[in-house]
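# Summary of the model geometry
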Amino acid sequence: MTDLAALQRFAVPGSVTIDAGCGGLPRVSISTPLCRGEIYLHGAHVTAWQPAGHAPVIWMSTQSWFAAGKPIRGGIPVCWPWFGPAAEAGKPAHGLARFADWDLTSVAAEADGTVAVVLRLALTAPASELILTARFGRRLEVTLDARNTGTTALAIGEALHTYLAVGDVRRVQVRGLAGVAGFDRVAQPIALTAPESITVAAETDLLFNATESAVTVQDAAWNRTLRVAKSGSRSTVVWNPWIAKSAKMPDFGDHEWPGMLCVEAANALTDGYQLAPGASHRLGTVIEVM
Ligand code: BG6
């Protein structure tokens, strides 16, 4: 159990507070002239980012669990060391990192007013060390540094599974992937090539491979464009559960799907990679309102 009193040494008077958030889970809240933000130690999970003068950019489900052993629905789930269903029976989807309680290792206010929050997770199976850095400023920058601390190579699949808040997903255009090959994964994987503009008019689960491109999310309803850039990432996933799938998910409100779109910086399935003993990999995403 994390000791909230001990975490108070990371508070920054006037801009960073640490308290028991939803479900009593430890939460770091940032409020500066640049933005408002939140990150939970459970999963190293960013649950809010709202740059000054704009509506929230990060979406959260009102039905999310906030409990040990459960993932948070919305925000930026950290998926590691596998993406999607586990190969091994009985293991959860999207890896172990989003279920774990991370340690807060630093909070620093930078010269331009950005607040950088760093969390660490050491795993024994697989032997590894993860460092998640979330920089809350005019932009939101999240990086995941993963190191293999064991003696055998690790097969890694991963994602920074960002849930973006949008006015109406049916009026959104995702651009920046034109010509990139990928798969429609809603039923059987069907190969496809991304068009100039991707729109959402049904359950959408698109995985694009071998692309490092940034995408823009043009949101007609809210009259704004978000940009999602990434690094150390070969896959981009675009996901919206639509009506039937959201109704099946207990931690996702039945009528919430029009308000979100996931754009994920990933290394998924065929873009997974081997992490040699002692080696590290950095996965990053940068989100901004244009
Ligand atoms: C996406 C996957 O990344 O995450 C979807 O492409 C999946 O297939 C979605 O349904 C949500 O996953 P979960 O495990 O958080 O419900």
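Above: the structure in question.
This write-up is about the structure you can find in this document. Once a new chain begins, its residue numbering starts again from 1 and follows that chain's sequence as written. At least 70 in pLDDT is required for a residue's local features to be given in this predicted model, at least 80 for side-chain atom pairs to be given and counted, and no such filter applies to totals for whole chains, interfaces and linings, which use all residues. Side-chain numbers here rest on the full set of heavy atoms in the structure, without hydrogens or water.

### A word on the site of the ligand
Quick reminder of the rule: Residues are labelled near a given molecule or strand when at least one of their non-hydrogen atoms is within 4 Å of it. What qualifies as a polar contact is a pair of N or O atoms within 3.5 Å, subject to a donor-acceptor requirement within protein and to the restriction that residues adjacent in sequence count only when both atoms come from side chains. Note that Gly is not counted as nonpolar here; it falls among the polar residues with everything else outside the nonpolar set of Ala, Val, Leu, Ile, Met, Phe, Trp, Tyr, Cys and Pro and the charged set of Asp, Glu, Lys and Arg.
Close to the ligand lie Arg 73, Phe 83, Ala 93, His 94, Arg 98, His 161, Arg 185, Asp 205, Val 237, Trp 239, Lys 245 and Glu 264. Note that an oxygen atom of the ligand is positioned 3.0 Å from one of the side-chain N or O atoms of His 94. Looking at the shell around the ligand residue by residue, the class counts come to four nonpolar, two polar and six charged.

### Let's talk about the side chain of Lys 230
We apply this condition: Each helix corresponds to a stretch of at least 4 residues labelled H or I by DSSP, and each strand to a stretch of at least 2 residues labelled E; elements are numbered beginning at the N terminus. Working definition: with a 1.4 Å probe on protein chains only, accessible area under 20% of the residue-type maximum means buried, over 50% means exposed, and in between means partly exposed. Neither His nor the chain ends is counted toward charge; the positive residues are Lys and Arg and the negative residues Asp and Glu. Here, a salt bridge means any Lys or Arg side-chain nitrogen found within 4 Å of an Asp or Glu carboxyl oxygen. The contact rule is simple, with two residues in contact once any of their heavy atoms fall within 4.5 Å.
You can see Lys 230 is positioned in strand E19 (residues 224-231). No salt bridge forms around the buried Lys 230; measuring N to O, its nearest opposite-charge neighbour Glu 212 is 7.0 Å away. Among the polar contacts listed, one links the side chain of Lys 230 to the side chain of Ser 233, at a separation of 2.8 Å. Ignoring any residue separated from it by four or fewer positions in sequence, one finds Lys 230 in contact with Thr 211, Glu 212, Ser 213, Ser 235, Thr 236, Ala 265, Gly 284 and Thr 285.

### Quick word on the packing of aromatic side chains
Let me state the cut-off plainly: Planes of paired rings set the category: under 30 degrees apart is stacked, over 60 is edge-to-face and the rest tilted, where pairs are Phe, Tyr or Trp rings (Trp by its six-membered ring) whose centres lie within 6.5 Å. We count a charge as sitting over a ring when the NZ of a lysine or the CZ of an arginine lies within 6 Å of the ring centre and within 35 degrees of the ring normal.
Overall, the coordinates contain five aromatic pairs when judged by the stated rule. Measuring from centroid to centroid gives 5.0 Å for Tyr 40 and Phe 66, while their planes differ by 40°, and the two rings are tilted. Separated by 26 residues along the polypeptide, Tyr 40 in strand E3 (residues 35-40) and Phe 66 in the loop between strand E4 (45-51) and strand E5 (78-79) bring together distant segments of the chain. On the basis of relative accessibility, which here comes to 17%, the residue Phe 66 falls in the buried class. On the basis of an interplanar angle of 90° and a centroid distance of 6.1 Å, the ring pair of Tyr 163 and Trp 239 is categorised as edge-to-face. Taken together, the positions of Tyr 163 in strand E12 (residues 163-165) and Trp 239 in strand E20 (residues 235-240) put the pair 76 residues apart, joining distant regions of the chain. When sorted by exposure, Tyr 163 lands in the same class as Trp 239, which is buried. In this structure an aromatic cluster arises from ring pairing among Trp 59, Tyr 163, Trp 239 and Phe 252. Directly above the aromatic system of Trp 65 lies the positively charged group of Lys 70, at a separation of 4.2 Å from the ring centroid.

### Focus: unusual backbone geometry
In this model, Trp 80 is joined to Pro 81 through a cis peptide bond whose omega is 5°. Turning to its location among the elements, Pro 81 is positioned in the loop between E5 and strand E6 (103-109). Residue Ala 44 is not a glycine yet carries a positive backbone phi of 50°. Looking at the element boundaries, Ala 44 is found in the loop between E3 and E4. Even without glycine at this site, Ala 210 takes up a positive phi of about 50°. With respect to the helices and strands, Ala 210 occurs in the loop between strand E17 (204-208) and strand E18 (215-219).

### A short note on the state of the cysteines
The following threshold applies: A pair of cysteine sulfur atoms is labelled a disulfide when the two atoms are within 2.5 Å.
Applying the stated rule across the entire model yields zero disulfides. The thiol sulfur of Cys 35 is not disulfide-bonded, and the nearest other cysteine sulfur, from Cys 22, lies at 18 Å. There is no disulfide at Cys 262, and the cysteine sulfur nearest it, in Cys 79, is 9.2 Å away.

### Observations regarding the sheet that holds E4
For clarity, the cut-off: Note: two strands are recorded as paired if DSSP finds a minimum of 2 bridges between them. Comment: axis = line fitted to C-alpha atoms, over the contacting stretch for helices; angle = value between 0 and 180 degrees taken between N-to-C directions.
Reading across from one edge, E1-E2-E3-E4 is the order of the four strands in this open sheet, with antiparallel pairing throughout. In this open sheet, the two strands that pair with only one neighbour each are strand E1 (16-20) and E4. Averaged over neighbouring strand pairs, the angle between their axes works out to 15° when direction is ignored.

### A short note on the nonpolar core
The nonpolar side chains of soluble globular proteins are, as a tendency, buried together. What counts, and what does not: We call a set of buried Ala, Val, Leu, Ile, Met, Phe, Trp, Tyr and Cys residues a nonpolar core when their side-chain atoms join them within 4.5 Å.
In this structure, Trp 102, Leu 104, Val 117, Leu 132 and Phe 136 are the most contacted members of the largest nonpolar core, which totals 80 residues. The residues touching Phe 136, leaving out its near neighbours within four places in the chain, are Ile 30, Cys 35, Gly 37, Glu 38, Ile 39, Val 46, Ala 48, Trp 49, Gly 113, Thr 114, Val 115 and Val 117.

### Remarks on the sheet that holds strand E16 (residues 197-198)
Read across the sheet, nine strands follow the order E6-E7-E8-E9-E23-E19-E18-E13-E16 without closing on themselves; strand pairing throughout is antiparallel. In the strand order of this sheet, the two ends are held by E6 and E16, each with one partner. As paired strands, strand E9 (residues 140-148) and strand E23 (residues 280-289) are joined by eight bridges and run antiparallel to one another. Opposite Leu 140, over in E23, you have Ile 287 as the bridge partner.

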